[in-house]
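One letter stands for each residue in the lines below.
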Number of protein chains: 2
Amino acid sequence: MASRQGRTDPRVVRSRERVLEAALAELAERGYGGFSIDGVATRAGVARSTIYRLGHDRLSLVAAAMETLNVQPRPEAGGQDPRADVVAIVAHLASAMQSSLMSDCLPAVLDGAERDPGLRELHHRYSAQRRTRLVEAIIRLQESGHVVGDPERAAEALAGAVFYRRLMTPEPLRTDEVEGLVATVLGER
Amino acid sequence: MASRQGRTDPRVVRSRERVLEAALAELAERGYGGFSIDGVATRAGVARSTIYRLGHDRLSLVAAAMETLNVQPRPEAGGQDPRADVVAIVAHLASAMQSSLMSDCLPAVLDGAERDPGLRELHHRYSAQRRTRLVEAIIRLQESGHVVGDPERAAEALAGAVFYRRLMTPEPLRTDEVEGLVATVLGER
């Protein structure tokens, strides 16, 4: 809803923010199957009609929540030390998987991706964007003379180990385990 | 329900099997959030009361379905060649993630594990059992003189890469990519 000046009404901006925050909390707590417009409206303290007026149905609200989770790894410091970049990217992911909204929402996102082709496409696209940074750092490491095997497989193994610990075990990968993981997967003996 | 001979009535055995098959299909298709006793009863072609008489509520039925998924990797041929054992275990997992009931149910299981502490404990226990075989093969490889880094991290990286490809990308790891993954993570240069 644009005001006469062509800018969005600040009340609309604020209610959009509240709705998205509530959608993330709902997704984390109830999962994709339990996610409902009613639940989000109650959490956000707005009427259902407010959510519809923002242009959302259930699915587009899940998608909008997923978009706000699509935080890219921090930019690296120029990449003079590609091995340090690899460790930083993996440590950043490990830290996110220990505690973050992204980690809290991950099982719901995986379940939603399984049920809806549109969410699946979003989820795969964001995962590919995050993975690219890691693959690029591994390729730079390779170019600097380090023999690393297949960079794509190494990136999947590094990121995969972090997700595995979050999803399949009671203990997410600790930051002090990242160095050992990187040394193992990069074949440093 | 035991008969007078102390054996379970074959009709009860058959209806238990049909209910469990239906529960797996329901879990795969609807997810943990959409899973219902009604849905399972309809799929199995039995009355709700039949499911209750088998001793199940919604949660115990999800748990029973998860138990039937807990298929261990095939026993290895004596372990004379620990590297071949590692490849066989990872290839077996990759093949399961390409197409299996376990793969179809995985997002629902991850979501259920996030919502219910009992399912989480089951899921983590079964994952640990499956991982043990891989860690043991990697340790045997290490004992045979192969320098492999940290066996626990290597196992998490290998299994993690397979789950990563299933959950985060459109293409599960192909069987012909397993050798490259193993060579990369085991640091063979």
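Per an unreviewed UniProt entry, chain A goes by the name TetR/AcrR family transcriptional regulator and belongs to Nocardioides turkmenicus.

(A) Fine view of the overall build of chain A. Looking only at helices and strands, one finds nine helices and zero strands in chain A. Across the 189 residues that make up chain A, the buried fraction comes to 54%. Partitioning the contacts of chain A with sequence separation of at least 6, the portion at a separation of at least 24 is 64%. When the accessible surface of chain A is summed, it comes to about 8,600 Å², and 51% of that surface belongs to carbon and sulfur atoms. Looking at charge distribution, chain A has the averaged site of its 25 positive side-chain charges lying 7 Å from that of its 26 negative ones.

(B) Local environment of the pattern of salt bridges. Residue and element names in this part refer to chain B. For the coordinates displayed, the defined rule picks out 36 salt bridges over all chains. Here Glu121 and Arg125 are joined by a salt bridge, their closest N and O atoms 3.1 Å apart. Remark: Arg125 and Glu121 occur in helix H7 (residues 117–143); sequence separation between them is four residues, near one turn of the helix. For Arg125, a relative accessible area of 38% translates into the label partly exposed.

(C) Broad picture of the interface of chain B and chain A. Taken together, the contact between chain B and chain A spans 46 residues of the former and 46 residues of the latter. In total, about 3,600 Å² of surface goes out of reach between chain B and chain A, with carbon and sulfur atoms giving 59% of it. The largest share of the area that chain B buries against chain A comes from Tyr164(B), Met168(B) and Arg189(B), three residues that together contribute 19% of it. Summed over the shared surface of chain B and chain A, the result is six salt bridges. Our count for the chain B to chain A interface comes out at 16 residue pairs in polar contact (both at pLDDT 80 or more). Looking at the side of chain B that touches chain A, the element that brings in the most residues is helix H8 (residues 151–168) of chain B, giving 13 residues.

Rules and cut-offs
Residues numbered from 1 in each chain as written. Chains lettered and ligands numbered in written order. Predicted model: local features only at pLDDT ≥ 70, side-chain atom pairs only at ≥ 80, totals over all residues. Heavy atoms only, no water. Helix = DSSP H or I, 4+ residues; strand = E, 2+ residues; numbered from the N terminus. Buried < 20%, exposed > 50% of the residue type's maximum accessible area, 1.4 Å probe, protein only. Contact = heavy atoms within 4.5 Å. Areas by Shrake-Rupley, 256 points an atom, 1.4 Å probe, with all protein chains shown as cover. Lys, Arg positive; Asp, Glu negative; His and termini not counted. Charge placed at Lys NZ, Arg CZ, Asp CG, Glu CD. Salt bridge = Lys/Arg side-chain N within 4 Å of Asp/Glu carboxyl O. Buried area = accessible area lost by both parts, 1.4 Å probe. Polar contact = N/O pair within 3.5 Å; in protein donor to acceptor, adjacent residues only side chain to side chain.

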